[in-house]
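Okay, here's what each chain looks like letter by letter:
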Amino acid sequence: MSARRARGPLQRVRRRSRELRERVEALREECAAPGPGQRKVLSLRCMQLKKLVEENTNALRDLKKADEPAPVGNYNQRKEEEEKLLLKLSQQLQKLVLALDQDHTTKKSSVDKHHQKGPQSEDENEEEDESEDEESSEEKDSEEAEDDDDEDKLLDDPNVKECVAVGNFDAQQEGDLTFTKGEILFIHDKKADGWWVAENSRGERGLVPRTYLAVHKEDDESPEQSEEQVEVVDETADGTEIKKRTGSHWSALRRAIRENDTVEVLTTIGAVPAGFRLSTLFQLLEEGNQFRASHFLQPELTPSQLAFKDLVWDAEKDTISPRPTRVSLIVTLCGCKMIPLPGVSIQVLSRHVRFCLFDGNRVLSNIHTVRATWQPKNPQTWGFSPKVTGILPSLLDGDCFVRSNSLAADIGLLFELGITYIRNSTGERGELSCGWAFLKLFTSNGMPVPAKMYELPLNGGTPCERGVEVDPSISRRGSGVLHQFMALKKQPVLLLKLRSLSMQSKDILYFLPETLIGSMCYSHLLLFYRQILGDALLKDRASLQSTDLICNPILATFPQLVDQPDLMDALRSAWADRERTLKRSEKRDVEFLKSLFVLVYHDSVFPLLHSTLLPPYKWAEEESEALRWKVIADFLKKSREHDGALQYLLAAENTHTAFDISELAYDFLGEARDDSSV
C-alpha cells in the first residue's frame, strides 16, 4: 500500500479555510435564533473566529510558489480564489457581530422605533437576500470542494493506473518524462512525494508530477468544460516557471533503488541496456562473511564435530596430509568481448568478474573477484593479468585455482560480469551485472569437461532468469540470415581457459581447504598458513580434547588479510624480497621456511592491520585505494631500511588501535566451519 503523499503549504491553507467555513456556517445557524442571554457569547465567538480567518489570510499571503514540494498547476489562480473565500468569511462574521450588537443595545423611544421600522425592514430583507445568495454560493463551493476531495482520493487510489495529463510538462532533469496535455499515461508507482513513475503510449518511462494528472474517465465531457479546464491549466503550466526540485525528487529515486527499481530507472533514461541487473553475487558478499575466502579458509569440522574434516595429520612426514578433491583445476580468465557500454550519465569505477561454484540452486564456495582492465580506444573489450612493473596485483590476476569436493551432479562455475558505478547527477553508488555465464564442470556421464579454451556467451538478467539478452537492441535491428550472423558476432562473450594441475601446483593446492577459490599468485602464502594451522591444532596442542585459546597472531589475523588484496600483495612483496636472499638448502627446509614466514609476517602486514594511518578497505574507491597503498609502500620501505618493523612500531608519529585479545588469540571452535555450512 502506497503511503499518503505529503500536503503542500497551499493545500494545508485551503484545508484550513474549509474548516473555518464550516465553523462560520454553524455559527450563523446559532445566531439565527439565539436564546436569552446568548447574544454576548455569540458575539464573542464571532470575534474569535474572525481573528482565525485573518490569521489564515495572512498565512496565505505569505505563501510562495517556491515553497511547494512539487509543481502546482494554476497556483496563482488558486491562491486568489482562496483569498476571496477568506475575505467573504470575514465579511459574514463582521455582519453577524454588528447584528448581534444592534439587537443587544438598549431600545430607544417608541417614536424613534417607529421612525426606524421601515428602513430596518428593508435592511433585513436585503440581508436575507444576501444571506440566501451567500448560502447558495457556499453550498456550491462546498460541493466543488467535496468533488475535489473525491477526485484526489480517486487519483491517489493505487488501483487507478490510467491518468490523463491536464497540462504540458517538460522534463526538468534526467529521469523525468515529458508529456503534453491530454496524453494518457499509465502509472507504475505512486510515490509519496508526488513524483510518480509513469509510462506513455510509446513505452517510455520516467517520473511525472502528480499535480499535472487527473483520473482518466471514459465518459465524454462537454467540449466547453474540457476546453476551459485544459486552457486554464495549460496557461499556468506553460506560462509560469516551474521550481527546480530539491532533494525530494531524488529521495524518491533513492527509495526506488532500495526497492530494486535501480535498473528500471537507469534503463528508462538510457544509462544501461535492458539486460543489466543488480549484481547477485555482490549482494551475497554484502550479507556477511559466509561467501568470503576468510570463511572457507577456516578448518571444517566433521558432522560429529569431534575432528577436522579437511585437516588431517601425517605422522610419518610430520605435517598435514595432502587432500585431492573432485574439482581441482586452474581457471585462466582471458578476456571479455562486446560488453555493452553504459551511458554518459554514470561513471564506471570498476569492471570486474566475480565467479563461484554453483549447482543451479546454491552457491557452493567463496565468491572470488578479478578486476578487469580496458583501453579507452576499445572499451567494449576487457582484459586480465596485464603486464606491470614489479609484482602483479592479486586483484588483477586472471589465473585462479578452484577446489571443491562437492558431489553435486550439476556443479559448475558461475561467472558474473559486473561494474561498480556512480551516478553523476545524484552521487549514488551501485553494482550492476553486465551478464552472466555458467560452465558445467562434468558431463552427463560424470566425466570432467576437457581442459581447453571456452568462449561462453553471456546471458542477461540474473542466474534465476532464462531467455534474457544482455542488450536486446542488437537482435531487434533486422532480420534474415546475414543479420543473424552479424548479431551473433556482436553478442557479448567471456573467454577463459581451463587447465589441469601441474605437479608443482598439486604440491601447493592439495594442502589447501577442500572448498576454496583464490588467486594463484598467493597460493604459496595460503600453504604456509595451513601448515602453521595444522601444527597448532594437531601437533602442538597438549590434548586434542582441549578447547583453550591458542596464542598465535598469524592464525588470529591471517583470514582478515585474505579479504584485503592490497595487504596480501604487501605480504607477497615482503616474502619475495626475503626469499631472494635464501640458499637452496634453506628453500628445501620446510620448518625453516615456516619460521621465516612468521618473521616476515610480523615485520610486514601484522603492524599494518592495526595501524590508524591505514584507512579501512573499501571496494572500488580510488582515493581510498591510493592512500592505502601509499601507507603500505612507506611502511615496507622503512621496514626494509631498518631490517624489521620494531623501530616503526616504537616511533611516536605512528599510532595504532587499542590492543585487543583477538589480535593474538585464535579460537578455533568459534572460527571452524560446520559440515553443513555449504
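Let me sum up the structure you'll find in this document. (Residues numbered from 1 in each chain as written. Predicted model: local features only at pLDDT ≥ 70, side-chain atom pairs only at ≥ 80, totals over all residues. Heavy atoms only, no water.)

**A short note on the nonpolar core**
For step 1, the next point in the chain: Counting 59 residues, the largest nonpolar core has Leu526, Phe558, Leu561, Leu571, Phe597 and Tyr601 as the members making the most contacts within it.
For step 2, the next point in the chain: Counting residues per element, the ones that place at least two in this core are α9 (293–296), α11 (503–509), α12 (523–539), α13 (553–562), α14 (565–579), α16 (590–603), α17 (605–609) and α18 (622–641).
For step 3, the next point in the chain: Looking at this core element by element, the count peaks at 9 residues for α12.
For step 4, the next point in the chain: Leave out the neighbours within four places in its chain, and leucine 561 touches Leu567, Met568, Leu571, Tyr601, Val605 and Leu609.
For step 5, the next point in the chain: Judged by nonpolar contacts, the second largest core, of 44 residues, contains Val331, Val370, Ile419 and Leu498. (Core = buried A, V, L, I, M, F, W, Y, C linked by side-chain atoms within 4.5 Å. Buried < 20%, exposed > 50% of the residue type's maximum accessible area, 1.4 Å probe, protein only. Helix = DSSP H or I, 4+ residues; strand = E, 2+ residues; numbered from the N terminus. Contact = heavy atoms within 4.5 Å.)

**Quick look at the packing of aromatic side chains**
The relative placement of two aromatic rings is captured by the distance of their centres and the angle of their planes.
For step 1, the next point in the chain: Enumeration according to the criterion identifies 13 aromatic pairs in this entry.
For step 2, the next point in the chain: Relative to phenylalanine 558, the ring of tyrosine 529 has its centre 4.8 Å away and its plane inclined at 15°; by these criteria the two rings are stacked. Separated by 29 residues along the polypeptide, tyrosine 529 in helix α12 and phenylalanine 558 in helix α13 bring together distant segments of the chain. Here tyrosine 529 matches phenylalanine 558 in class, with each residue buried.
For step 3, the next point in the chain: Each residue in the set Phe528, Tyr529, Phe558, Trp575, Phe597, Tyr601 and Phe606 is aromatic and connected to the rest through ring pairs, giving one cluster.
For step 4, the next point in the chain: A cation over a ring is seen here: arginine 351 above tryptophan 374, with NZ or CZ 4.0 Å from the ring centre. (Phe/Tyr/Trp six-rings, centres within 6.5 Å; stacked < 30°, edge-to-face > 60°. Lys NZ or Arg CZ within 6 Å of the ring centre and 35° of its normal.)

**A short note on the sheet that holds strand β15 (residues 412–423)**
For step 1, the next point in the chain: Taken together, the 5 strands give an open sheet; going across it, the order is β6-β16-β15-β10-β11, and neighbouring strands pair in antiparallel fashion. Two strands close off the open sheet at either side, each with one partner strand: β6 (277–278) and β11 (368–371).
For step 2, the next point in the chain: Taken together, the 2 bridges between β6 and strand β16 (residues 429–440) define a ladder with antiparallel strand orientation. Residue pairing for β16: arginine 277 is matched across the bridge by serine 433. (Pairing = 2+ DSSP bridges.)

**Focus on the pattern of salt bridges**
For step 1, the next point in the chain: Considering all chains together, one arrives at 25 salt bridges under this definition.
For step 2, the next point in the chain: The partner of glutamate 19 in a salt bridge is arginine 16, and the shortest N-O contact between them spans 3.5 Å. Placement of both glutamate 19 and arginine 16 in helix α1 (residues 9–32) is noted, with a separation of 3 residues, approximately one turn of the helix.
For step 3, the next point in the chain: Close ionic contact of aspartate 318 with lysine 539 constitutes a salt bridge, the shortest N to O distance being 3.3 Å. With a gap of 221 residues between them, aspartate 318 in the loop between β7 (313–314) and β8 (319–320) and lysine 539 in helix α12 connect regions that are remote in the sequence.
For step 4, the next point in the chain: Since its relative accessible area comes to 37%, lysine 539 is described here as partly exposed.
For step 5, the next point in the chain: Salt bridges here are not isolated pairs; linked through shared partners, they connect Glu183, Arg202 and Glu204. (Salt bridge = Lys/Arg side-chain N within 4 Å of Asp/Glu carboxyl O.)

**Describing the sheet that holds strand β1 (residues 162–165)**
For step 1, the next point in the chain: Read across the sheet, 5 strands follow the order β4-β3-β2-β1-β5 without closing on themselves; strand pairing throughout is antiparallel. The sheet is open, and its two borders are formed by β4 (205–209) and β5 (213–215), each paired with just one other strand. Strand-to-strand, the axes of this sheet are offset by a mean angle of 50°, without reference to chain direction.
For step 2, the next point in the chain: Bridge count between β1 and β5: 3 bridges; the pairing is antiparallel. Note on β5: the bridge partner recorded for valine 164 is alanine 214. (Axes fitted to C-alpha atoms, helices over the stretch in contact; angles between N-to-C directions.)

**Concerning unusual backbone geometry**
For step 1, the next point in the chain: Phi angles above zero are rare outside glycine, and serine 385 is one such case at about 50°.
For step 2, the next point in the chain: Its location among the elements puts serine 385 in the loop between β13 (378–383) and β14 (399–404).
For step 3, the next point in the chain: In this structure serine 385 comes out as partly exposed when scored by relative accessible area, which is 31%.
For step 4, the next point in the chain: Even without being glycine, alanine 620 reaches a positive phi, approximately 55°.
For step 5, the next point in the chain: In this structure, alanine 620 sits in the loop between α17 and α18.

**Points about the state of the cysteines**
For step 1, the next point in the chain: A full pass over the atoms with the stated rule returns 0 disulfides.
For step 2, the next point in the chain: Here cysteine 400 is not cross-linked by a disulfide; its sulfur's nearest cysteine counterpart is in cysteine 521, at 8.6 Å.
For step 3, the next point in the chain: When its relative accessible area of 0% is taken as the criterion, cysteine 400 is described as buried.
For step 4, the next point in the chain: As a non-bridged cysteine, cysteine 434 has cysteine 336 as the owner of its nearest cysteine sulfur, 9.2 Å distant. (Disulfide = S-S within 2.5 Å.)

**Observations concerning the environment of glycine 343**
For step 1, the next point in the chain: With respect to the helices, strands and loops of the structure, glycine 343 is situated in the loop between β9 (327–337) and β10 (346–358).
For step 2, the next point in the chain: Sequence separation of glycine 343 and valine 272 is 71 residues, and the distance between their C-alpha atoms is 6.1 Å.
For step 3, the next point in the chain: If we ignore the near neighbours within four places in the chain, the residues touching glycine 343 are Gly270 and Ala271.

**Things to note about the side chain of arginine 210**
For step 1, the next point in the chain: With respect to the helices and strands, the residue arginine 210 is situated in the loop between β4 and β5.
For step 2, the next point in the chain: The class of arginine 210 is buried, set by a relative accessible area of 6%.
For step 3, the next point in the chain: Side-chain polar atoms of arginine 210 contact the side chain of aspartate 156, separated by 2.9 Å. (Polar contact = N/O pair within 3.5 Å; in protein donor to acceptor, adjacent residues only side chain to side chain.)

**What about the packing of α13 against α16?**
For step 1, the next point in the chain: Interaxial distance between α13 and α16 falls to 12 Å at its minimum, and their mutual angle equals 60°. When the interaxial angle is binned, α13 and α16 end up oblique. The way α13 lies across α16 gives a crossing that is left-handed. Taken together, the residues of α16 that come into contact with α13 (itself represented by Pro553, Ile554, Thr557, Phe558 and Leu561) are Phe597, Val598, Tyr601 and His602.
For step 2, the next point in the chain: Of the residues assigned to the contact of α13 with α16, the class counts are 7 nonpolar, 2 polar and no charged. (Parallel < 35°, antiparallel > 145°, perpendicular 65-115°, else oblique. Left-handed = near helix turned anticlockwise from the far one by under 90°. Nonpolar A, V, L, I, M, F, W, Y, C, P; charged D, E, K, R; others polar.)

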